[in-house]
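Examining the three-dimensional arrangement
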Amino acid sequence: MANEPQVNLKKLFDLDPYLNSHEQEIRRRNTEFRGWIKRLNELEGGLNEFTQGYKYYGLHIAQDNSVVAREWAPGAKEVFLTGDFNNWQWLATPYEKQPFGKWELKIPPNPDGSCVIQHLSEIKVIIRKQDGSLIDRLSPWAKYVVPPPKELGVNFQQRVWHPPAHEKYMFRHQKPTRPRALRIYECHVGIATEEYGVGTYRNFADNIVPRIAKLGYNTIQVMAIMEHAYYASFGYQITSFFAASSRYGTPDELKYMVDKAHEHGIFVLLDVVHSHASKNTQDGLNQFDGTNACYFHDGARGDHTLWDSRLFNYSEYEVLRFLLSNLRWWRDEYNFDGYRFDGVTSMLYHSRGIGEGFSGDYNEYFGLNVDTEALIYLAIANYFLHEMDPNVITIAEDVSGMPTLCRPTEEGGVGFDYRLGMAIPDKWIQVLKTKSDEDWNIGNIVHTLTNRRWKENTVAYAESHDQALVGDKTIAFWLMDKEMYTHMSTLSDSSLIIDRGIALHKMIRLITHALGGEAYLNFMGNEFGHPEWLDFPRIGNQESYHYARRQWHLVDDQILKYRFLNEFDRAMHHAEEKYHWLDCLPAYVSWKHEDDKVIAFERNNLLFLFNFHSTKSFTDYRIGVELAGKYRIVLSSDDAEFGGFNRIDKNVEHHTFPEGWAGRRNYMQLYLPCRTACILAPQ
């Protein structure tokens, strides 16, 4: 990884000629990016050395049982290590000051050769501020932190993780190859249990991973793994960036979980929050060295007003080392395969995206509001990750539509593989919330699903964890909450609300899957229409776990209709695996009829048909198709096994007629029942 990145902007401008007028700014950014790589090559031995900061900083026990500990605390007057190893004498074990704000401590073994600091010992870093006062901190590089006993308050405790060699978990399974097309299951270990409590890594590995594999997902995106003192922050207020959250189990149990996913051929993505950090001081990064700066910007630029959190200073050497080493740590130590970067929009703009409408005017993306330092950090991160592992996948949570974000760094892009299609779930919620079926604007729905940057891959989703949170509703709840508790049994009377809900739930998922992007994402439980919202235990709900869990028994109960949605989700993914519609060019939409509420499009020679009309079924409905020949229906949302009415005969062979229709060379005529979707494949 010592080579300097090459760049050729021609492809970027060929793909999007509108970028030509911003060539100067694109070149300036790329020069800055390459300048950083050059500097790191010259001064730090290259990115390979630079990104292994976790081997240098923090506390390490050598083979001879000596201890070495290092910290970066440029604002500190003195630094000490304390813990049960020195009977909590705060000033007994001082660090020595090194150049560039670094501090180092070496402790020889005991006379008998044993280590002074044991596995699971509790330690703290003590900082003497410039005014002489003392403060206690956890190391920013802590690998294991645990919540305190209730009688000791709320601050997490740092424990030394150094199990004996024979107890360390050894990976048994090879990392899977990068999936052809991502079918992502977004999940949270803590709520993946039916119990009134916090789920564990082992529970997830043994009970949830097999479910995910059976459904046909090939990737999991795991939330809230980096340690966060406040459970209800959903993992987005991180306090210890190198520590796997201990509320779900030990570091070795997380390794077991990742290994179990790999055994099932599942790619594992880590939800990474490098956009901000918790304001906690005693168990977080904030004011680590006693100053307001250190890892963050000082003053207003260092505070996120909406999230009440701290913002990193991406122009600082040691901050870059910290963040890049953090990405590497999760790959090297835990075998994660890729990363979903949270809050990228907040990183990209000085406004943090607050109150921004993002009209699509290119001046918004290449003007003074862009936080170039953060953008260049993201480019360095993507460049380094892809150089280190060509199989890695990176996804950006960006709502702004920043051009070049998902083009390779060698083309002058930022280097992400995908961005989240965040407008799609907003559109579905808006449609379900504000319009009756008759008023759905078919053209507008199609526009939202297809409105993405050419050759910049998008992860499409109908809903994610955001829509599941308390205060919002899942799609299943918007559709069926009035009767979900009374009419979801196959033994109860049929219900128009439930019939409509099940039909539309399937259609919304399939059209999002097939039309919305080059990858697909679902949040845990939504595949079967999980009822109710998600709410973590907090003071406002009397610390209740009632809504912080997943009710798997609902889908396992053969008498309940949740299994129909689950079965359709499985069939949809297995159809994609067989017919490959995600990893190809976007669909060609030939038909979107407002009165009939019918949408038709082709993708990878498959024909997708949707009749969203609430009452009208059509016989001999004419549909244009490019490829001549015989077609057969390979997936129908109306099958009885999916809770449908079996109105579509999948044994019928559909022939094309050699006459142009809807801009296609041929047409066929089909029966399209109301509120159904189907896929036809050429035979």
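Residues numbered from 1 in each chain as written. Predicted model: local features only at pLDDT ≥ 70, side-chain atom pairs only at ≥ 80, totals over all residues. Heavy atoms only, no water.

Before going further, it helps to examine the packing of helix α10 (residues 423–434) against helix α14 (residues 496–515). Where α10 meets α14, the closest approach of the two axes is 12 Å, and the angle between their N-to-C directions is 150 degrees. The angle between α10 and α14 falls in the class roughly antiparallel. Viewed along their axes, α10 and α14 form a crossing whose handedness is right-handed. In contact with I424, W428 and L432 of α10, α14 contributes I508, I511 and T512. Residues of the contact of α10 with α14, tallied by class, amount to five nonpolar, one polar and no charged. (Axes fitted to C-alpha atoms, helices over the stretch in contact; angles between N-to-C directions. Helix = DSSP H or I, 4+ residues; strand = E, 2+ residues; numbered from the N terminus. Parallel < 35°, antiparallel > 145°, perpendicular 65-115°, else oblique. Left-handed = near helix turned anticlockwise from the far one by under 90°. Contact = heavy atoms within 4.5 Å. Nonpolar A, V, L, I, M, F, W, Y, C, P; charged D, E, K, R; others polar.)

The subject of this paragraph is the packing of aromatic side chains. In this structure the tally under the stated criterion is 50 aromatic pairs. Aromatic pair Y54 and W329: ring centres 5.2 Å apart, planes at 65 degrees, arrangement edge-to-face. Of this pair, Y54 sits in helix α4 (residues 53–56) while W329 sits in helix α7 (residues 317–334), and the two are 275 residues apart along the sequence. Like Y54, the residue W329 is buried in the burial classification. On the numbers, 5.1 Å between centres and 35 degrees between planes, the contact of W533 with Y547 is tilted. With W533 in the loop between β21 (519–523) and α15 (552–556) and Y547 in the loop between β21 and α15, this pair connects stretches of sequence that are 14 residues apart. Residue W533 is classed as partly exposed on the basis of its relative accessible area, which comes to 28%. In this structure, R39 is placed above the aromatic ring of W36, and the distance from its NZ or CZ to the ring centre is 4.5 Å. For the cation-ring pair, K255 lies above Y334, with the distance from its terminal atom to the ring centre recorded as 5.7 Å. (Phe/Tyr/Trp six-rings, centres within 6.5 Å; stacked < 30°, edge-to-face > 60°. Buried < 20%, exposed > 50% of the residue type's maximum accessible area, 1.4 Å probe, protein only. Lys NZ or Arg CZ within 6 Å of the ring centre and 35° of its normal.)

Turning next to the side chain of N218. Mapped onto the secondary structure, N218 falls in the loop between α5 (201–215) and β11 (219–223). Within polar-contact distance, the side chain of N218 engages the backbone oxygen of A181 at 2.8 Å. Residues contacting N218, with those up to four places away along its chain left out, are P179, A181, L182, R183, G265, I266 and F267. (Polar contact = N/O pair within 3.5 Å; in protein donor to acceptor, adjacent residues only side chain to side chain.)

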